[in-house]
Amino acid sequence: MDIEIIAVGGYNEVGRNMTAVRCGKEIVIFDMGLRLDQVMIHEDADIENMHSLDLIEMKAIPDDTIMNAVEGSVKAIVCSHGHLDHIGAIPKLAHRYNAPIISTPYTSELIRQQIAGEQKFGVNNKLFALKAGQRYTISPHLTLEFVRAQHSIIDTIFPVLHTPRGAVVYANDFKLDRTPVLGEPPDFARLRQIGKEGVIALITESVNIADKGRCPSEKIARDLVRDTITSYEDDKSALFVSTFSSHISRVKTIAECAHEIGRKPVLLGRSMERYSSAAEQLKLVGFPESLSMFGNRRTVDRTLRRIMKTGKDKFLPIVTGHQGESGAILTRIVMGDTPYKLEKGDKILFSAKVIPNPMNYGQRYLVEARAKMAGVRIFDELHVSGHAYREDHYEFLHLLNPQHVIPSHGDIGMTGEYAKFAEEIGYTLGNDLHIMRNGKSILIK
Ligand SMILES: [Zn+2]
């Protein structure tokens, strides 16, 4: 049985991930992601109403028209986790394939919401929730297994496709966190076993390959956040924290620190409410009982008015806007677009890193400069990454011992750096190590 790996998206850039694996006449697709910054540069883009071909033209979603030339039928669409660069193109592309969408329960719920918001296409693919540790029989030849991983969103797994020629491991995205704040560490024992049984190909992310050492555990981020917040136990001024709304373990940490210093944690913003309430409903997280959340503009503004009246020191708002996005809660507060008035000594904590693109730098600069004019103190980078560093990749390769390695999820600087690293430990480019570009495919011999 021949195995072909088809690089559809995410091989020329960070974002819009999609990889197809063909085994004989059967195809399994991994991820269908969106590249958000490609949408943001078109100010009037209204994604929900746009046609997939226009979004492909904008390079916002993977160009899956190349799939027409691949012989075989798609048996399953598998999503590794719930970040938009892995599930965001589902509403635009999935309906073209007569196949179920398989993902963990949390990712499944986020996909369901994505599909519900779609205006242009009717997406009727069956959603199938598979838990970490479980298996799904795709066909007599192919079995899918979900192996527990860790990342900056809960319920992330390594999808492993068992084929007659060995396992194909899809590692987009992951970190090898042995002391996570939520969930269990990656299933090292199972990964080692799969390595012994035989891995024919590893498709792996390469975002942080240039970072030396190991990616710090989420426990370190918890210490950073806690160290700062608890320093202001007796402070009477405002404390705002902004973080990634999909980073549930971080939101939990911040909420617990608020509780610890006697402030009520309040989640503000549409996405903040959406991700956290879904996690709570699926019982994947427990927040302090004093936590409340408000999504729409009316309830957010009402809550901010109430905080002004009751006392800034009674609450700790956890808000959207760490990238300075216009319309996000923090941006609106700083621009004076809410009933909340910032004063000298108020504090804004960023539990996030600026995602490196010029637009974010500009927007974030504006928010910080305006806040400083009001006398606000800024705390930055109370954060650790969700992506494996160089030595994590080294450990991972030794666990799995794959015959072929394909770096993905990165521009050529990242996949190229990964190739350099893999050559150092014995792989050979063009032989058992492959740099792919969007639209290209490779036959695994
Ligand atoms: Zn991710």
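This text follows the structure it describes.
Residues numbered from 1 in each chain as written. Predicted model: local features only at pLDDT ≥ 70, side-chain atom pairs only at ≥ 80, totals over all residues. Heavy atoms only, no water.

Attention now moves to the overall build of the chain. When helices and strands are counted, the chain shows 14 helices and 19 strands. Relative to the 2.2 N^0.38 estimate, which gives 22 Å for 445 residues, the radius of gyration of the chain is 22 Å and therefore close to what a compact globule would have. Per-residue burial for the chain yields a buried fraction of 60% across its 445 residues. Pairs at least 24 apart in sequence give 76% of the contacts found in the chain among residues at least 6 apart. By element, 48% of the accessible surface of the chain is carried by carbon and sulfur atoms, the whole surface being about 18300 Å². Measuring between centres, the 55 positive side-chain charges of the chain sit 4 Å from its 55 negative side-chain charges. (Helix = DSSP H or I, 4+ residues; strand = E, 2+ residues; numbered from the N terminus. Rg over C-alpha atoms; globule rule 2.2 N^0.38 Å. Buried < 20%, exposed > 50% of the residue type's maximum accessible area, 1.4 Å probe, protein only. Contact = heavy atoms within 4.5 Å. Areas by Shrake-Rupley, 256 points an atom, 1.4 Å probe, with all protein chains shown as cover. Lys, Arg positive; Asp, Glu negative; His and termini not counted. Charge placed at Lys NZ, Arg CZ, Asp CG, Glu CD.)

Next up on the list: the pairing of strand β9 (residues 157-163). By the criterion of burial, β9 is predominantly enclosed, with 7 of the 7 residues buried. Taking every second residue as pointing to the same face, both faces of β9 are buried, with I157, P159, L161 and T163 on one and F158, V160 and H162 on the other. One ladder, built from 6 bridges, connects strand β8 (residues 143-148) with β9; its direction is antiparallel. Its bridge partner lying in β9, L144 is registered against L161. (Pairing = 2+ DSSP bridges.)

This part covers the sheet that holds strand β18 (residues 404-408). Paired through backbone hydrogen bonds, the strands of a sheet run either parallel or antiparallel to each other. One open sheet holds the 6 strands; their spatial order is β7-β8-β9-β10-β11-β18, and the pairing between them is mixed. Two strands lie at the open edges of the sheet, namely β7 (135-137) and β18, each paired on one side alone. Adjacent strand axes in the sheet meet at a mean angle of 15° when their direction is disregarded. Its contacts with the sheet place helix α13 (residues 390-400) against β9, β10 (166-171), β11 (199-205) and β18, and it is angled at close to 165° to β11. In the packing of helix α14 (residues 412-424) onto the sheet, the strands contacted are β11 and β18, and the crossing angle to β18 comes to about 150°. (Axes fitted to C-alpha atoms, helices over the stretch in contact; angles between N-to-C directions.)

Attention shifts here to the coordination of the zinc ion. Coordination of the zinc ion by the protein involves H81 (NE2), H83 (ND1), H151 (NE2) and D173 (OD), with metal-donor separations of 2.2 to 2.3 Å. Coordination geometry of the zinc ion: the 4 donor atoms subtend angles of 92 to 171° at the metal centre, consistent with an arrangement described as irregular. (Donors = N, O, S within 2.8 Å, 3.2 Å for Na, K, Ca; no water. Tetrahedral: all angles 85-135°; square planar, octahedral: opposite > 155°, others 65-115°.)

Pairing is mixed in the open sheet, where 7 strands are placed in the order β6-β5-β4-β3-β2-β1-β19. A single partner strand is all that each edge strand has here, and the edge strands are β6 (127-129) and β19 (441-444). Strand after strand, the sheet turns through a mean of 25° between neighbouring axes, direction not considered. With 4 bridges joining them, strand β1 (residues 3-9) and β19 adopt antiparallel strand pairing. Bridging across to β19, I5 finds its partner in I442. The strands that helix α5 (residues 105-117) touches are β5 (101-103) and β6; relative to β6, the one it contacts most, it runs at about 160°.

Right, let's talk about the environment of E71 for a bit. Counting through the fold element by element, E71 comes out in the loop between α2 (52-57) and β4 (73-78). Along the primary structure E71 and T143 are separated by 72 residues, whereas in three dimensions their C-alpha atoms are 20 Å apart.

Relative orientation of the contacting elements helix α7 (residues 218-230) and helix α8 (residues 248-260) amounts to 30°, with a least axis distance of 10 Å. Of the possible angle classes, the one that applies to α7 and α8 is roughly parallel. Relative to α8, the crossing made by α7 is right-handed. Contacts from E218, A221, R222, V225, R226, I229 and T230 in α7 reach S249, R250, T253, I254, C257 and E260 in α8. By residue class, the composition of the contact of α7 with α8 is 5 nonpolar, 3 polar and 5 charged. (Parallel < 35°, antiparallel > 145°, perpendicular 65-115°, else oblique. Left-handed = near helix turned anticlockwise from the far one by under 90°. Nonpolar A, V, L, I, M, F, W, Y, C, P; charged D, E, K, R; others polar.)

This brings us to the pattern of salt bridges. Inspection of the entire model under this criterion finds 31 salt bridges. Between E145 and R190 there is a salt bridge, with the nearest N and O atoms lying 2.6 Å from each other. One end of the pair, E145, is in strand β8; the other, R190, is in helix α6 (residues 188-197), with 45 residues separating them in the sequence. On the basis of relative accessible area, R190 is assigned to the buried category, the value being 13%. Taking the shortest distance from any N to any O, the salt bridge between R214 and D392 comes out at 3.2 Å. Here the residue R214 occupies a position in the loop between β11 and α7, and D392 occupies one in helix α13, the gap between them amounting to 178 residues. What makes D392 buried here is its relative accessible area of 0%. When salt bridges that share partners are traced, they join R135, E145, R190 and E197 into one network. (Salt bridge = Lys/Arg side-chain N within 4 Å of Asp/Glu carboxyl O.)

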